[in-house]
Amino acid sequence: MAQTDKKTIVLFSGDLDKVLAAFVIANGAAAMGDDVTMFFTFWGLNALRRDHKPATPDKTPLQRMFATMMPRGPKKLAMSRMNFAGAGPVLMKRMMRANHVMSIDEMIATAKEQEIKMIACTMSMDVMGLRAEELIDGLEFAGVATYLGEADEANVNLFI
Amino acid sequence: MAQTDKKTIVLFSGDLDKVLAAFVIANGAAAMGDDVTMFFTFWGLNALRRDHKPATPDKTPLQRMFATMMPRGPKKLAMSRMNFAGAGPVLMKRMMRANHVMSIDEMIATAKEQEIKMIACTMSMDVMGLRAEELIDGLEFAGVATYLGEADEANVNLFI
Amino acid sequence: MAQTDKKTIVLFSGDLDKVLAAFVIANGAAAMGDDVTMFFTFWGLNALRRDHKPATPDKTPLQRMFATMMPRGPKKLAMSRMNFAGAGPVLMKRMMRANHVMSIDEMIATAKEQEIKMIACTMSMDVMGLRAEELIDGLEFAGVATYLGEADEANVNLFI
């Protein structure tokens with residue numbers, strides 16, 4: 001038997017397919033009664049961006065360029081394989097709907113309902129020039145020490 | 001000391017190099033006496049496809065297209081880096097042979113002999129339109145709840 | 001509470017961004033007093049290559065070709081996304097400096113200072129034709145059994 005029922009997932013990837021896998025595992029564990037913490041870092045932060053871009057007048061040109069080149073929110077994520085300039089995600093989403101699999105937006109909403117702790121990595125936000133107001137509501141903001149504290153309390157820790 | 005000797009690996013990737021790494025760890029752990037469960041999801045399922053395509057008359061055109069575009073079995077897997085339109089895997093396999101490293105086919109056979117539990121993710125199969133008869137023998141079929149139950153009993157859980 | 005304070009990381013990836021994430025987690029854990037073992041395999045070995053190529057007259061032509069095509073050391077690593085033929089890493093490093101994030105070279109030096117155990121996977125070295133003298137000092141050399149022994153003693157095990 002496990003010593004605790006907590007799970008942590010570092011979501012480093014911003015690929016549609018990997019984001020999907022992360023939320024399926026996280027929501028599955030929460031549905032079984034486990035505490036779950038997701039730590040969003042690097043490209044994984046793109047899954048948390050709002051559709052609409054807020055004004056961020058204090059960004060440097062470099063930060064602005066980075067932010068413009070990265071996908072803004074779940075609807076814009078690419079696939080790790082078979083992306084075909086955006087055709088892959090369209091097909092994948094169609095097959096997800098046909099099989100009654102939730103969209104990423106719905107999975108994020110479910111994660112919130114299930115009180116999954118979603119932490120945005122502040123160091124990655126700094127490096128990539130992302131601001132808190134560009135991300136969805138309901139997040140916590142912390143660094144690697146917080147992640148490690150959560151992982152120490154968990155019996156399953158994944159890096160996706 | 002570890003509380004249990006069970007290991008689980010989620011094999012999400014269908015890249016030759018990552019599939020290789022997963023089987024090296026899984027077979028290594030089994031050889032040391034550990035229980036091992038591999039959970040094949042998304043592109044990882046491609047490593048389990050049969051060489052020859054069975055008749056699947058009930059597939060939708062979209063499922064058929066997806067299945068056609070994905071690699072069919074270990075011999076067709078690409079590499080995550082330096083694939084060079086298929087030259088990379090040829091070189092990699094030659095260097096594996098030269099160093100007496102088993103092929104993926106041999107590693108899968110060894111995994112079966114060592115009674116590694118290989119579970120194909122049913123949700124991924126649905127989304128990707130893969131049928132049980134397209135996959136090799138000796139698999140179990142289950143979803144994320146089964147994976148989480150296995151992971152709760154293990155002391156090492158990896159996502160590859 | 002965790003049963004032990006040991007962490008292991010398999011660093012399979014040689015992408016600048018993933019190597020960075022691995023060292024941030026490893027150095028963070030070591031700073032908190034944890035024992036940390038990093039196991040470098042496949043492309044992850046490229047992060048450990050010396051800038052300057054030593055003479056390796058006993059390599060086969062195939063090994064020589066492989067070694068030439070792979071990045072030599074942290075300064076040459078590409079990114080998993082937005083690489084743009086090398087422009088991405090330049091931007092990423094500039095943004096890391098602007099935010100006072102250590103370079104990979106500095107992170108490796110810090111890992112050594114903190115006595116993080118860095119193990120180079122001998123099977124991968126054989127397959128990729130890399131020799132010990134091509135890698136930086138201070139490494140141990142071992143295979144999957146050693147990794148599994150370390151992982152059995154750890155409470156957090158990641159595959160990056």
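You'll find the structure just up there.
Okay, the interface of chain A and chain B next. Interface size is commonly expressed as the accessible area that is lost once the parts come together. Taken together, the contact between chain A and chain B spans 33 residues of the former and 27 residues of the latter. Taken together, both faces of the contact between chain A and chain B bury some 2600 Å²; the carbon and sulfur share is 75%. Taken as a group, A:Arg81, A:Met82 and A:Met95 account for 24% of the area that chain A buries against chain B, more than any other trio of residues on that side. Between the two partners, chain A and chain B, sit two salt bridges. Its salt-bridge partner being B:Asp15, residue A:Arg81 comes within 2.7 Å of it at the nearest N-O pair. Summed over the shared surface of chain A and chain B, the result is six residue pairs in polar contact (both at pLDDT 80 or more). At the level of secondary structure, the elements contributing two or more residues to the side of chain A that touches chain B comprise helix 1 (16–31), helix 3 (87–98) and strand 5 (156–159) of chain A. Looking at the side of chain A that touches chain B element by element, the count peaks at eight residues for helix 1 of chain A. Of the residues that constitute the side of chain A that touches chain B, the class distribution is 20 nonpolar, six polar and seven charged.

Let us look at unusual backbone geometry. All names here are of chain C. The phi torsion at His100 lies on the positive side, around 60°, for a residue other than glycine. We classify His100 as exposed; its relative accessible area is 75%. Residues other than glycine seldom take positive phi values, yet Glu115 does so here, at roughly 60°. Examined against the element boundaries, Glu115 turns out to sit in the loop between helix 4 (104–113) and strand 3 (117–121).

Moving on, we get to the pairing of strand 3 of chain C. For a regular strand, the rule is simple: side chains alternate between the two faces of the sheet. Residue and element names in this part refer to chain C. For strand 3, the tally of buried residues reaches four of five residues, placing the bulk of the element in the interior. Note: strand 2 (residues 35–40) against strand 3, four bridges, orientation parallel. Bridge pairing in strand 3 links Thr37 to Lys117. By the bridge criterion, three bridges tie strand 3 to strand 4 (residues 140–142) in an arrangement that is parallel. In the strand pairing of strand 4, Cys121 is matched with Ala142. For the crossover that starts at strand 3, traverses helix 5 (residues 122–128) and ends in the parallel strand 4, the hand is right-handed.

On to the sheet that holds strand 4 (residues 140–142) of chain B, then. All names here are of chain B. An order of 4-3-2-1-5 is seen for the five strands of this open sheet, with the pairing classed as parallel. Looking at strand neighbours, the two that pair on one side only are strand 4 and strand 5 (156–159), the edges of this open sheet. Recorded for the sheet is a direction-independent mean angle of 20° between the axes of neighbouring strands. Two elements, strand 1 (residues 6–11) and strand 2 (residues 35–40), share six bridges in a ladder whose sense is parallel.

Rules and cut-offs
Residues numbered from 1 in each chain as written. Chains lettered and ligands numbered in written order. Predicted model: local features only at pLDDT ≥ 70, side-chain atom pairs only at ≥ 80, totals over all residues. Heavy atoms only, no water. Contact = heavy atoms within 4.5 Å. Buried area = accessible area lost by both parts, 1.4 Å probe. Salt bridge = Lys/Arg side-chain N within 4 Å of Asp/Glu carboxyl O. Polar contact = N/O pair within 3.5 Å; in protein donor to acceptor, adjacent residues only side chain to side chain. Helix = DSSP H or I, 4+ residues; strand = E, 2+ residues; numbered from the N terminus. Nonpolar A, V, L, I, M, F, W, Y, C, P; charged D, E, K, R; others polar. Buried < 20%, exposed > 50% of the residue type's maximum accessible area, 1.4 Å probe, protein only. Pairing = 2+ DSSP bridges. Right-handed = clockwise from strand over helix to strand, strands pointing away. Axes fitted to C-alpha atoms, helices over the stretch in contact; angles between N-to-C directions.

Purely geometric numbers; function is a separate question.
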